[in-house]
Number of protein chains: 2
Amino acid sequence: MFSKNIQNLKTSPVRELIPYSKKSKDAGIDIIHLNIGQPDLETPKEFFEAIESFGEKTIAYSDSSGQKELIESIKKYYQKMNINYENDEILITAGGSEALLFTLMTLFNAGEEVLIPEPYYANYNSFFAMLGIKVVGIPTKFEDNFKLPSKEVIESLITEKTKAIMFSNPGNPTGAVYSRDELLMLNEISKEKNIFMISDEVYREFIYDGKDTVSCGTFIDNQERIIIIDSISKRFSTCGARVGTILNKNKDFMGYILKLCQSRLAISTLDMIGAEALYRCLDEKYYQSVNRKYMERRDFLFEGLKKIDGVVLNKPEGAFYCIIELPVEDATDFSKWLLGEFSYEGSTVMLAPAKGFYQREELGLNKVRISYALELDRLEKAIKTIELGLKKYNNR
Amino acid sequence: MFSKNIQNLKTSPVRELIPYSKKSKDAGIDIIHLNIGQPDLETPKEFFEAIESFGEKTIAYSDSSGQKELIESIKKYYQKMNINYENDEILITAGGSEALLFTLMTLFNAGEEVLIPEPYYANYNSFFAMLGIKVVGIPTKFEDNFKLPSKEVIESLITEKTKAIMFSNPGNPTGAVYSRDELLMLNEISKEKNIFMISDEVYREFIYDGKDTVSCGTFIDNQERIIIIDSISKRFSTCGARVGTILNKNKDFMGYILKLCQSRLAISTLDMIGAEALYRCLDEKYYQSVNRKYMERRDFLFEGLKKIDGVVLNKPEGAFYCIIELPVEDATDFSKWLLGEFSYEGSTVMLAPAKGFYQREELGLNKVRISYALELDRLEKAIKTIELGLKKYNNR
């Protein structure tokens, strides 16, 4: 009766436990959401001020390709990183999500293959399912902080159906950051095998400890195959303003993306007005202050979790996620139990079971993803809850 | 190299002439846009006031299904029409466009068929092409003001691959309004043949001369198969605020739509804040005042155009479009000529050639679609320009 592709849509691991929280919620228990990457930092005032100064009397359709001033400001934001895209090489989308959907729609026929290091951002699966794209996971190791395998291993996964290699850097859900050399290796593969490279860089500013990485926008020898996915959501704590970007220098590709943009007419005019002000007014100082806040949280979380008996984790290098191994057989069962049966000083924790981020689910069975986009006192309570929860769960 | 479906995307007839306007624009000629349905009425102040009163410091993700208060206000808006949908039978989308895309994605496998009275809203074609849906046009006659053919004719077009019948009422691009009896006939077909009925009702308030029609939401004997597509864009002159709605009582269908909503996380938080205020604060008085304005324009346009030698048109019954037959062989050529070679008192007119709204393009060759969402003085100038343009064009 319904589309076969749509019937294959899975529930996101980020949301799958929500039904289990009902009992705790009804009992008035405070649920600390480590499952979602929703920054709690304030949206910069420039966003609201620009929207309040909107002078038009009618909220009209904006250009399908995006508001011209916004494109100009994004161009300048990239220029500051020595990355040069012309205005018609930048298209504005309804968040990074639409940027990804349109990109995949344009590149893939049903049955074609995407290469992706696993674990990967689970929402990608929705787009793959919608479009009938086959996922080929590139194996990475938890023990190795999710470093990419060798060029030979990756190349051995490429078939004549492989259209693109896709990844997020810094990584959601891993918190890993690919080195310049790892990215250069992917770039070589993209050129040699003539496959596209989809680089989701929405966490670009959230790299800690000076890890040496780059934007794929700097690989100027392969710009026709490199598609940069970007978004204001995390950069400016504006998840509810749906403004994403696709950057690419392949005229055919961008022509098709523009047609997809035209099909939905336009995105939110006011969100673009706000986004334009953010890109124009905020600078390195702002990015650094946000980076410091997340780094402080990263350090606090890492130190706290590694003290828990049996918990294993790598030090996250970027974004605001990490995957941790728990001393349990089934992390999903533990997470449900935490939500439904356990609380500490009136609080409990919602985790995102890691298996949903893997193509080979068995690799994530005893792991969860944690998002640390929360204040330190919330993180402290969450860590304590996990520690005591694990003890009680394992002594049932 | 690229997706076959995406390579099939056509340029919208609404936009296809834009490149031809460059010469006139560069020469400083004022272009009257009769090609686009962009209302020029002011967005009600309630929209802006609600957004200015937004009290949160962070623009966070809203619920994927839509902001709860907005769903509640939309429920009440429908209740006033004696149409009852529960909260979980209402999902909020990024405009009517996303509502349509998600609906088609959920219902159709590639190669399945949609029945649609032609001419139809050209943007539907983008969604059909993306998803590989085959369009089967239901023939209607210009001379008959686009009335639906008999039940037998429509039924004869149904195959085992037909998944849904789809239409907009009031009609874009026709300006026709289906009578209650015509809609009841479609409802019978939907029930008897077990096919879905997708009713795009975004122009619901723009019905003139008291034409007897209904929302398909009133057909309570077939609510599992009836999918209502709605949007604030035209109702409240807020095209740039991307807030649409899907209403349906089939739990499986709505479950899949919800998963699609989750895949793109959320729509614009501020647009929903504004939309909620519009639905809550505005009432019949507002809708009537807008209706009167458009009716006045409709009358003005109709009287003006029908006086032009060789121009044939029906009196539009709803929305703010009409299709007119021109005394030329090729309306596209005439439209390009108008833009590139003709002006009257410093102005010229951009039309939307009608063939792009037809599946059988030949039916629209000598016709254009006109949108009359413009002030009377602009319409007056446009009519004069068309009149003088036709004379000069036919005497070249």
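Conventions we followed
Residues numbered from 1 in each chain as written. Chains lettered and ligands numbered in written order. Predicted model: local features only at pLDDT ≥ 70, side-chain atom pairs only at ≥ 80, totals over all residues. Heavy atoms only, no water. Helix = DSSP H or I, 4+ residues; strand = E, 2+ residues; numbered from the N terminus. Buried < 20%, exposed > 50% of the residue type's maximum accessible area, 1.4 Å probe, protein only. Contact = heavy atoms within 4.5 Å. Lys, Arg positive; Asp, Glu negative; His and termini not counted. Charge placed at Lys NZ, Arg CZ, Asp CG, Glu CD. Buried area = accessible area lost by both parts, 1.4 Å probe. Salt bridge = Lys/Arg side-chain N within 4 Å of Asp/Glu carboxyl O. Polar contact = N/O pair within 3.5 Å; in protein donor to acceptor, adjacent residues only side chain to side chain. Nonpolar A, V, L, I, M, F, W, Y, C, P; charged D, E, K, R; others polar. Least-squares fit on C-alpha atoms with pLDDT ≥ 70 in both. Domains from an automatic or database assignment. 1 Å grid on protein atoms, 1.4 Å probe; cavity = no way out; pocket = protein on both sides within 12 Å on 5 of 7 lines; lining within 4 Å. Points joined across faces, edges and corners; volume = space filled by probe spheres on them. Core = buried A, V, L, I, M, F, W, Y, C linked by side-chain atoms within 4.5 Å. Axes fitted to C-alpha atoms, helices over the stretch in contact; angles between N-to-C directions. Parallel < 35°, antiparallel > 145°, perpendicular 65-115°, else oblique. Left-handed = near helix turned anticlockwise from the far one by under 90°. Phe/Tyr/Trp six-rings, centres within 6.5 Å; stacked < 30°, edge-to-face > 60°.

Caption draft 1: Local environment of the overall build of chain A. Scanning chain A for helices and strands turns up 13 helices and 13 strands. With the C-alpha coordinates of chain A rotated into their principal frame, the extents come out at 60 × 55 × 50 Å. Going through the 396 residues of chain A one by one, you find that 64% of them count as buried. A separation of at least 24 residues holds for 77% of the contacts in chain A among residues at least 6 apart in sequence. Separation between the mean location of the 51 positive side-chain charges and that of the 58 negative ones in chain A comes to 2 Å.

Caption draft 2: Layout of the interface of chain A and chain B. With 68 residues of chain A at the interface, the matching set in chain B holds 68 residues. For the pair chain A and chain B, the two sides together bury roughly 5,400 Å², of which 59% comes from carbon and sulfur. On the chain A side of the contact with chain B, A:F2, A:I59 and A:Y61 bury the most area, a combined 13% of that side's loss. Where B:K57 meets A:E42, a salt bridge forms, and the shortest distance between an N and an O atom there is 4.0 Å. On inspection of chain A and its partner chain B, the count reaches 36 residue pairs in polar contact (both at pLDDT 80 or more). The element contributing the most residues to the side of chain A that touches chain B is helix α9 (residues 251-263) of chain A, with seven residues. Residues of the side of chain A that touches chain B, tallied by class, amount to 29 nonpolar, 24 polar and 15 charged.

Caption draft 3: Seen up close, the relation of the copies chain A and chain B. Take chain A, turn it by 180°, move it 0.0 Å along the axis, and it overlays chain B with an RMSD of 0.0 Å. Given the turn and translation reported, the copies of this chain are related as if by a two-fold rotation axis. Interface overlap between copies: 100% of the residues of chain A at the interface are likewise at the interface in chain B, consistent with a symmetric, same-surface contact.

Caption draft 4: Structural view of the domain arrangement of chain A. Residue and element names in this part refer to chain A. Along its sequence, chain A is organised into domain 1 (4-42 + 285-394) and domain 2 (45-283). Each of domain 1 and domain 2 was reduced to a C-alpha centroid, and the two centroids are 26 Å apart. Across the domain 1/domain 2 interface, buried area totals approximately 3,600 Å², and carbon plus sulfur atoms make up 54% of it. Area buried by domain 1 at its contact with domain 2 is led by Y286, Y287 and E317, which between them contribute 21% of it. Our count for the domain 1 to domain 2 interface comes out at three salt bridges. The residue D209 makes a salt bridge to R298 at a minimum N-O spacing of 3.0 Å. At the boundary of domain 1 and domain 2, one finds 25 residue pairs in polar contact (both at pLDDT 80 or more). Mapped by element, the contributors of at least two residues to the side of domain 1 that touches domain 2 are α1 (4-7), α11 (284-306), β9 (312-313), β10 (321-325) and β13 (367-371).

Caption draft 5: View of empty space enclosed by the protein. A full pass over the atoms with the stated rule returns four cavities of 30 Å³ or more. Estimates place the volume of the largest cavity at around 300 Å³. Lining the largest cavity we find 26 residues, and of these A:A94, A:E98, A:R264, B:A94 and B:E98 sit closest to its centre. Mapped by element, the contributors of at least two residues to the lining of the largest cavity are α5 (95-107) of chain A together with α5 (95-107) of chain B. A breakdown of the residues in the lining of the largest cavity according to their chemical character gives 12 nonpolar, six polar and eight charged.

Caption draft 6: Spatial organisation of the nonpolar core. Counting residues in hydrophobic clusters, the biggest one holds 184 residues, and the most contacted among them are A:L34, A:L305, A:I370, B:L34, B:L305 and B:I370. Dropping the residues within four chain positions of it, A:I370 is found in contact with A:L34, A:L301, A:L305, A:F320, A:Y321, A:C322, A:I324, A:L351 and A:I386. Core analysis: the next-biggest nonpolar cluster, separate from the first, contains 76 residues, A:Y120, A:I227, B:A99 and B:A129 among them.

Caption draft 7: Main features of the packing of helix α4 (residues 68-79) of chain B against helix α10 (residues 269-281) of chain B. Residue and element names in this part refer to chain B. In the contact formed by α4 and α10, the axes pass within 9 Å of each other and the chain directions differ by 25°. Taken together, the axes of α4 and α10 are roughly parallel relative to one another. The two elements α4 and α10 meet at a crossing, and its hand is left-handed. For the pair α4 and α10, the contacting residues are E69, L70, S73, I74 and Y77 in the first and M272, A275, E276, Y279 and R280 in the second. Taken together, the residues of the contact of α4 with α10 sort by class into six nonpolar, one polar and three charged.

Caption draft 8: Quick peek at the packing of aromatic side chains. This structure, assessed with the given rule, holds 62 aromatic pairs over all chains. Summarising the aromatic geometry, the rings of A:F2 and B:F196 are spaced 5.9 Å apart at their centres and angled 45° between planes, so their arrangement reads as tilted. Note that A:F2 is positioned in the segment before α1 and B:F196 in strand β6 (residues 196-200), a pairing that runs across two chains. Measuring from ring centre to ring centre gives 5.1 Å for B:Y77 and B:Y78, while their planes differ by 90°; the resulting arrangement is edge-to-face.

Caption draft 9: Just the environment of B:L305, in detail. Residues and elements named next belong to chain B. Considering the arrangement of structural elements, one finds L305 in helix α11 (residues 284-306). Residue classification places L305 among the buried positions, given a relative accessible area of 0%. The sequence separation of L305 and N187 amounts to 118 residues, and the corresponding C-alpha distance is 35 Å. Apart from the residues within four sequence positions on either side, L305 is in contact with V311, L313, I324, I370, I383 and I386.

Caption draft 10: Seen up close, helix α6 (residues 123-131) of chain B. Residues and elements named next belong to chain B. With nine of nine residues buried, α6 lies mostly within the body of the structure. Of all the residues in α6, the buried ones are N123, Y124, N125, S126, F127, F128, A129, M130 and L131. G132 sits one or two positions beyond α6 and adopts a positive phi of about 65°.

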